[in-house]
Structures are given as C-alpha cells and as structure tokens.
Amino acid sequence: MMGSKWRKAKLALGLNMCLYVPHQKLEDSSPSSSIKHHPDTANVPSRFSSDAVPLSPSPNDCRPTTPTPSSSGLRLSKSVPKSSKKTCSICLTSMELGQGHAIFTAECSHSFHFHCIASNVKHGNQICPVCRAKWKEIPFQRPASHLPNGKSRINPADWPRDDAWAVRSLPSPRLDSTRHVSSLFQASEPGTFDDDEVLDQQQENPQQNVFEKDASTNNSIGAIEVKTYPEVSAVPRANSHNNFAILIHLKAPHSSGGLNSRNQTIFSPSTQNSRAPVDLVTVLDVSGSMAGTKLALLKRAMGFVIQHLGPSDRLSVIAFSSTARRLFPLRRMTETGRQEALQAVNSLTSNGGTNIAEGLRKGAKLIVDRKWKNPVGSIILLSDGQDTYTVSSPSGSHSRTDYKSLIPPSIQRNGGTGLRVPVHTFGFGADHDAASMHSISEISGGTFSFIEAEGVIQDAFAQCIGGLLSVVVQEACVKLECAHPNLLINSIKAGSYRTSVTADAKAGSIDVGDLYAEEERDFLVTVNVPVDESCDEMSLLKVRCIYGDPLSKEMVSLEEDNEVKIQRATVIGQPIVSMEVDRQRNRLRAAEAMAEARAAAEHGDLTGAVSLLESCRRALSETISARSGDRLCVALSAELKEMQERMANRRVYESSGRAYVLSGLSSHSWQRATARGDSTDSTSLIQAYQTPTMTDMVTRSQTMFFGNPPQRKLRQAQSFPARPHPR
C-alpha cells in the first residue's frame with residue numbers, strides 16, 4: 001500500500017523535479033504518517049523540527065536537462081552551483097532548509113522558493129528565470145480562497161483527485177505580497193500618481209524644500225575642493241595675451257558612508273542615514289525583441305539594483321512595449337518593498353513594439369505627481385529598439401531628426417519646471433537607436449551608455465547606481481568675476497553644462513548640478529589679459545562655488561574666493577605651460593574631434609571622419625603632456641583609434657560605431673562615467689570619470705552571482721588615469 005502511494009507521488013511530481021516541504025505540524029490525515037514509515041524516511045519524526053524532507057526518494061530521481069544555449073553565448077552550467085542552491089534567484093533571499101518555505105527544484109536543476117516561482121508562472125512565464133530552459137512541468141498555485149487552509153498544488157490536472165499526496169504550502173507573509181503584486185498588474189492605473197509611499201522624515205510637510213534647514217537633520221558633508229591653474233605663471237608687462245586659459249578644478253567631498261577594511265564604500269541599509277536617499281524610476285523595454293536572454297539578463301540586473309537600494313530609497317518600475325504600464329508606485333525598498341519589486345520584475349514577459357515616448361511620459365508623470373520627494377531623483381531608461389510610434393527617421397538622417405518630441409517637457413533641462421531629474425539611458429544591443437537615446441539623455445541632463453555585450457548589463461546598471469547612491473552635492477554653481485578692471489572673459493568651455501557670461505564680459509557662471517562623492521570637474525575659462533606695466537602681480541579671476549548639501553538641507557557658499565593671479569615682470573624667460581591646463585586642452589580637443597567625426601559620418605563621409613580622428617591623434621602626440629608620457633593622452637589616443645576602426649565602413653558604423661562615439665561624447669561632455677562597447681582594453685588604465693563608489697559597485701556586480709552567470713568584465717569608455725592635482 002505504501003509502495004503504491006510512493007509510486008503515485010513520483011509519477012505525479014515527475015522524475016525530473018524535487019519538491020521540498022518545510023517543517024510544520026500537519027493534520028493526522030496528511031501524508032506525514034506515510035512519510036515517516038517509508039524506508040527512505042524512517043528516521044524523520046512526524047513533527048518536523050530541523051530539516052525539510054525531499055519527496056523524491058533519491059538524488060538519481062532528479063535528472064537535470066541541459067538547456068539550449070542562448071543567442072548571447074551565455075555559458076550555462078549543467079549542474080547547479082552551490083551558491084545558487086542557497087539563494088532564490090527570484091527574491092534573492094536564502095533557501096536554507098528549515099526556514100518555513102517550500103522549495104521548488106525544476107527539471108533544469110535550478111531551485112526557487114515555491115511561492116516565488118508560482119507567482120512567476122502565474123503571470124505567464126513557463127521558462128526558467130535563470131537559464132531560460134522551457135519546462136515541461138511547472139508549479140501552479142491556486143488562489144488561497146479556492147483551497148482549504150491555503151493549500152496549493154503543482155499541475156493539478158496531473159494529480160489524481162483522490163490522491164492523499166496533495167502538496168500543502170505554508171501560510172506566509174510573502175504569499176500576501178505575491179497576491180498584492182498580482183493585483184498591481186491587473187488593477188487600472190490612477191489618474192494621478194500621487195500614491196507614492198510616504199517618507200520617514202517628511203510625513204508632516206510633503207512640500208518641504210530640499211534645502212530648507214531641517215532641525216532633525218544633523219548630518220553634513222565636507223566642502224567642495226576648488227583649485228585654479230593659470231596657463232602660465234607669468235606674462236610680460238608690455239604684452240597682452242588673448243585667450244589666456246585658466247583651469248577651474250572641482251572635486252566633491254568624500255561620501256560619509258561607511259568604509260570597509262580596504263577603504264571601499266559599504267552599500268548597506270546601515271549606511272542609509274549617511275547619504276541622500278533616492279527616488280529612482282526605471283523605464284524598461286519589454287518589447288518582443290527583448291525575449292529570451294535579453295529579458296533574463298535585464299531581470300537579473302534589476303535584481304541587483306533592488307538589492308542595493310536602502311529602506312529610505314524608493315523605486316518604481318515602468319514597463320513599456322507598444323504601450324506602457326506602471327508595475328507599482330514609488331515604494332520604499334524595505335524588506336517587503338524589495339520582495340514585491342523583485343516578484344514584479346521577474347513576472348515581466350516580452351511582446352509588442354517599442355514606444356519609448358509613452359514609457360518616458362509615464363515615468364515623467366510619476367516624478368511630477370509624487371506627493372513626497374527624496375533629495376535625489378533620477379530615471380533609468382533601457383531599450384534595445386527604435387521608437388516607431390512617435391518619431392521615424394530614414395536611414396542616415398539621425399542628425400536631422402527632432403528627438404525632443406520623445407521627452408516630456410517636465411523633465412527637460414530647459415522645461416521651466418525646476419525639476420532636476422536626469423534620464424540615464426542605456427542602449428542595449430546592435431539594433432537600438434543610439435541617436436535617440438543619446439538625445440534623450442543630453443536634453444534631460446543624463447548620460448548615455450552603450451551595452452554592446454549583453455552580459456555586462458548588470459555591471460552597467462551597477463556603475464550608474466553606484467553614482468546615484470553617493471550624491472553629496474546638489475545644485476552646484478561656479479561663479480566667476482573678473483578681478484582686474486580691464487580683463488574680459490572670452491569663453492567658458494564646460495561641455496554640456498550650461499554657462500553664461502554677462503553682456504560686459506566681466507562675470508560668468510557654470511551650472512554644475514549634482515556631484516557624486518569624489519567626482520571631479522574641469523572647466524577651461526579663457527580671458528583676454530591686457531597690457532599692464534603698473535604692477536608686479538595681476539589678479540585675473542575670482543572663483544566662488546555655491547551648492548546644496550543634501551544631508552543638512554542647506555545651501556553652502558564657500559567663504560573665501562579662490563583668486564587666480566599671475567606675475568607681470570619686465571623680462572621673462574621661456575614660459576612653462578601648466579601640465580594640468582595642457583592635458584585638459586587635449587581632452588577638449590579630442591571631444592571636439594569626436595563630435596566633428598560623428599557629424600561627417602552621419603553625412604556619409606566616413607573617410608573624412610576617420611581623417612579627422614587621425615589628425616587629432618597626431619596633434620595630441622605633439623603636446624607637452626603627451627611628450628612627457630601623460631597617460632590621459634595615451635588613453636585619448638587609444639580611444640580615437642578605436643573610433644577609427646568602428647568607422648571602417650557603413651555596416652560597422654551603423655551596428656556599433658555610432659553608439660560607441662555617442663556614448664563617448666556623453667562621457668566627455670558631462671565628465672561622468674558611461675559604459676560602452678566591449679573592445680577598448682582598459683585593464684591597464686585607470687578610469688578618470690569613474691568614482692570610487694562606482695568602482696566598488698561594479699566590483700560587487702562582477703563578484704555577485706545569481707544562478708550561474710558568465711564571467712563578466714565591464715569595459716569602460718573612459719579609460720583615463722586619475723587626474724593628479726598637486727595640493
């Protein structure tokens with residue numbers, strides 16, 4: 001009799017699956033009495049206390065199948081690594097036995113919490129979230145109201161109705177979370193997205209200005225470091241000097257977060273109070289072209305993001321294809337919030353077209369309508385296709401297309417709303433519209449990253465949030481004032497940052513905005529130095545910096561002006577040009593060459609584009625910094641060479657060259673790290689734009705494995721050495 005029941009159970013479960021039942025006290029009519037008398041489970045007591053009981057009699061009954069390799073070349077192991085057996089790849093929490101949750105092991109050998117994978121399947125997924133193998137046997141969980149005492153079954157059609165081996169699931173708060181996520185998918189969206197979760201410190205005053213003094217906030221950051229470097233230290237009295245260059249260097253203070261033994265930033269909820277919390281909206285492409293490996297890698301990358309947000313950070317996810325939908329409102333990433341976010345993301349399926357404008361419209365609406373506001377707000381947009389609903393651009397006319405129509409006015413830098421919510425865009429694969437993604441980021445004040453190799457999407461996201469989770473300066477502005485009555489400001493070279501010069505050319509400003517911890521900015525100001533034989537020393541510029549401290553919520557103005565001075569002597573020997581000024585001139589010269597080459601390539605002149613890049617390489621090699629072996633010049637030369645190769649012909653340029661160049665332009669214009677390509681060998685070069693917190697987060701991504709991902713290395717676009725500035 002017992003043997004017959006055991007055979008029935010094996011047939012019902014399938015030879016390729018194992019199901020683990022957590023320990024609980026079962027009713028007398030439950031199969032526990034049968035289990036404890038079976039030869040393989042003779043030593044298991046009826047009241048379970050320590051270990052879960054496998055319903056499969058031996059390991060040989062679980063025969064994992066080898067999944068079909070994906071188009072991305074993702075290498076999949078035929079066996080489950082030990083680490084993945086201990087962690088559910090959906091909720092990313094422990095699956096140690098005896099914790100009160102059923103564990104489902106699929107025929108491909110990957111294991112999950114039963115309630116997690118049941119929710120995944122419930123929303124239409126019938127493939128493994130880790131390896132994408134298609135399952136013949138899938139978990140199925142009926143609504144709790146349909147079964148007494150919260151019972152659930154696997155493939156109920158395959159179970160004999162009179163069989164006593166019905167699998168029961170334990171009551172769990174996470175099951176309520178699953179049902180809640182399900183209702184979010186099915187419920188109609190409100191007309192106004194003001195249902196965001198309340199913030200701890202703003203319950204009484206949702207409209208509080210970020211930089212109004214809050215008596216409850218005692219934290220503060222250090223001061224911004226401001227340094228100036230004149231082109232040369234002395235100019236003859238009797239000579240004037242037009243376009244005299246002055247370098248203004250800013251460096252943001254250290255993050256006040258915790259450090260580990262290797263001076264690496266610790267990203268954990270315990271350090272939440274030492275940094276500015278974030279409102280993050282991710283707008284994700286789930287069109288038909290994202291099916292398979294792309295969607296699986298996107299889910300894994302989102303899992304990494306969710307796990308590294310703290311309880312004061314809030315997240316909302318917008319999924320778009322032909323239309324867009326909000327998966328859930330801005331939720332704090334507490335333990336419950338993370339669980340629901342992970343389940344919502346893992347239940348995504350791909351289909352339909354690519355309506356980027358609708359996704360951004362909904363993301364912007366969420367940012368505008370939110371009732372409560374964290375100090376830092378940002379949107380992450382990922383797409384692998386071209387928007388065919390709002391703009392259409394004939395081949396080769398990207399430079400003439402107006403991509404501004406894709407971006408809601410509320411999040412445009414010049415939109416007049418006062419919002420500073422950049423859109424950081426990620427172009428995924430060879431078929432995305434790099435020109436539109438670059439334009440979206442540029443108009444909103446964000447960066448554009450080119451994810452050429454599918455496997456580095458998580459690293460690219462990690463780098464981005466490594467910065468967003470370390471904002472120490474906001475609304476920074478550099479004020480310039482001529483210190484000499486006859487001095488005039490000629491130009492301010494600041495890339496994509498907004499600059500202004502007064503009508504009389506006596507004053508100017510640079511709108512810097514947010515800075516991540518230890519992030520640096522370099523701006524070149526040119527002035528016309530007049531003849532002056534009346535003094536031995538001339539003051540040229542006064543430089544002052546004003547910025548907001550997101551922790552103390554106060555505006556900070558550096559008390560002492562940084563004054564730039566030069567010597568005015570009668571006779572001066574050979575002037576020594578500042579190395580700092582020369583190397584920044586080289587960076588700006590290279591960025592200008594990239595922009596000119598891109599314009600030529602868009603007009604079909606690839607030969608001319610390659611020639612422009614080669615001319616710039618030769619010019620850089622003749623500068624004093626290059627001759628002294630400056631590694632920035634070496635890196636710039638290597639980058640220009642890479643662009644030349646990606647402009648070899650029209651096919652190569654269309655598939656990767658355009659995206660590679662645009663992500664490079666984005667990085668240089670904002671002096672901020674972007675991920676791009678997979679060809680530039682940056683292993684021997686230190687990144688200039690990548691901050692320590694970004695580096696730490698990428699390292700965490702590369703060493704954290706969910707399931708059995710391939711070995712990944714993020715190839716950085718900005719392969720430049722750290723800028724040494726003497727103190």
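Refer to the structure above for everything that follows.
Note that the coordinates shown come from a computational prediction; the quantities given were computed from them, not determined experimentally.

(A) Here's a closer look at the overall build of the protein. A tally of regular secondary structure across the protein gives 16 helices and 20 strands. Long-range contacts, defined as pairs at least 24 residues apart, comprise 75% of the intrachain contacts of the protein with a sequence gap of at least 6. Taken as a whole, the protein presents about 29,800 Å² of accessible surface, with 48% of it coming from carbon and sulfur.

(B) Main features of the sheet that holds strand β17 (residues 520-529). The four strands are arranged β5-β6-β17-β14 in an open sheet whose pairing can be described as antiparallel. Across the chains shown, the open sheet's two edge strands, defined by having one partner strand only, are β5 (225-230) and β14 (488-493). The sheet shows a mean angle of 25° between the axes of neighbouring strands, taken without regard to direction. Sheet analysis places β14 next to β17, joined by five bridges and oriented antiparallel.

(C) Inspection of the nonpolar core at higher detail. Counting 49 residues, the largest nonpolar core has Val-281, Ile-379, Leu-381, Ile-440 and Met-647 as the members making the most contacts within it. In terms of domain composition, this core takes at least three residues from each of domain 2 (278-390 + 404-468 + 683-703) and domain 3 (581-662). In contact with Ile-379, not counting residues within four places along its chain, are Val-281, Val-283, Gly-363, Ala-364, Ile-367, Ile-411, Val-421, Pro-422, Val-423 and His-424.

(D) Quick look at the packing of helix α6 (residues 293-308) against helix α7 (residues 335-346). Look at α6 against α7: their axes get within 10 Å of each other, and the N-to-C directions meet at 170°. It follows that α6 is roughly antiparallel to α7 by the angle criterion. The residues of α7 that touch α6, namely those facing Lys-299, Met-302, Gly-303, Ile-306 and Gln-307, are Arg-338, Ala-341, Leu-342, Val-345 and Asn-346. Grouping the constituent residues of the contact of α6 with α7 by class yields five nonpolar, three polar and two charged.

(E) Structural context of the packing of helix α10 (residues 457-468) against helix α16 (residues 692-703). In contact at an axis separation of 8 Å, α10 and α16 are set at 145° when each is read in the N-to-C sense. You can see that α10 and α16 cross each other, and the crossing is right-handed. Contacts between α10 and α16 involve Gln-458, Asp-459, Ala-462, Gln-463, Ile-465, Gly-466 and Gly-467 on the former and, on the latter, Thr-693, Met-694, Met-697, Val-698, Ser-701 and Gln-702. The residue inventory of the contact of α10 with α16, partitioned by class, reads five nonpolar, seven polar and one charged.

(F) View of the pattern of salt bridges. Going through the model one piece at a time under the given rule, you end up with 29 salt bridges. With its nearest N and O atoms 2.8 Å apart, the salt bridge here joins Asp-369 to Lys-365. Linking Asp-369 with Lys-365, this pair stays in helix α8 (residues 356-369), spanning four residues, or about one helical turn. Each of Arg-598, Glu-602, Arg-650, Glu-654 and Arg-658 takes part in one network of salt bridges that share partners.

(G) Spatial organisation of the sheet that holds strand β9 (residues 324-332). Judged by pairing direction, the sheet is mixed, and its six strands sit side by side in the order β9-β8-β7-β10-β11-β12 without closing on themselves. At either margin of the open sheet sits one strand with a lone partner, and together these are β9 and β12 (448-451). For this sheet the average axis-to-axis angle between neighbouring strands, irrespective of direction, equals 15°. Sheet analysis places strand β7 (residues 278-285) next to strand β8 (residues 314-320), joined by seven bridges and oriented parallel. Bridging from a neighbouring strand, Val-281 pairs with Ser-316 of β8. Running at roughly 165° to β9, α7 makes contact with β8 and β9 of the sheet. The strands touched by helix α9 (residues 434-444) are β10 (376-383), β11 (423-428) and β12; relative to β11, the strand with the most contacts, the crossing angle is about 170°.

(H) Local environment of helix α11 (residues 579-602). Along its 24 residues, α11 runs 35 Å from first to last C-alpha, staying within 8% of the 34 Å computed at 1.5 Å per residue. Counting buried positions along α11 gives 17 out of 24 residues, so the element sits mostly inside the fold. Just downstream of α11, Gly-604 is the residue with a positive phi angle, here 90°.

(I) Layout of α10. Counted at 1.5 Å a residue, the expected span for α10 with its twelve residues is 16 Å, and the 17 Å between its end C-alpha atoms agrees. Burial runs high along α10: twelve of the twelve residues are buried. What α10 keeps buried is the set Ile-457, Gln-458, Asp-459, Ala-460, Phe-461, Ala-462, Gln-463, Cys-464, Ile-465, Gly-466, Gly-467 and Leu-468.

(J) View of the side chain of Ser-378. Examined against the element boundaries, Ser-378 turns out to sit in strand β10. Of the polar contacts made by the side chain of Ser-378, one reaches the backbone oxygen of Pro-422; its length is 3.4 Å. What Ser-378 contacts, discounting residues up to four positions off in sequence, is Asp-279, Leu-280, Val-281, Val-421, Pro-422, His-424 and Leu-468.

Calculation criteria
- Residues numbered from 1 in each chain as written.
- Predicted model: local features only at pLDDT ≥ 70, side-chain atom pairs only at ≥ 80, totals over all residues.
- Heavy atoms only, no water.
- Helix = DSSP H or I, 4+ residues; strand = E, 2+ residues; numbered from the N terminus.
- Contact = heavy atoms within 4.5 Å.
- Areas by Shrake-Rupley, 256 points an atom, 1.4 Å probe, with all protein chains shown as cover.
- Pairing = 2+ DSSP bridges.
- Axes fitted to C-alpha atoms, helices over the stretch in contact; angles between N-to-C directions.
- Core = buried A, V, L, I, M, F, W, Y, C linked by side-chain atoms within 4.5 Å.
- Buried < 20%, exposed > 50% of the residue type's maximum accessible area, 1.4 Å probe, protein only.
- Domains from an automatic or database assignment.
- Parallel < 35°, antiparallel > 145°, perpendicular 65-115°, else oblique.
- Nonpolar A, V, L, I, M, F, W, Y, C, P; charged D, E, K, R; others polar.
- Left-handed = near helix turned anticlockwise from the far one by under 90°.
- Salt bridge = Lys/Arg side-chain N within 4 Å of Asp/Glu carboxyl O.
- Expected span 1.5 Å × (residues − 1).
- Polar contact = N/O pair within 3.5 Å; in protein donor to acceptor, adjacent residues only side chain to side chain.

Shape descriptors only; they carry no functional weight alone.
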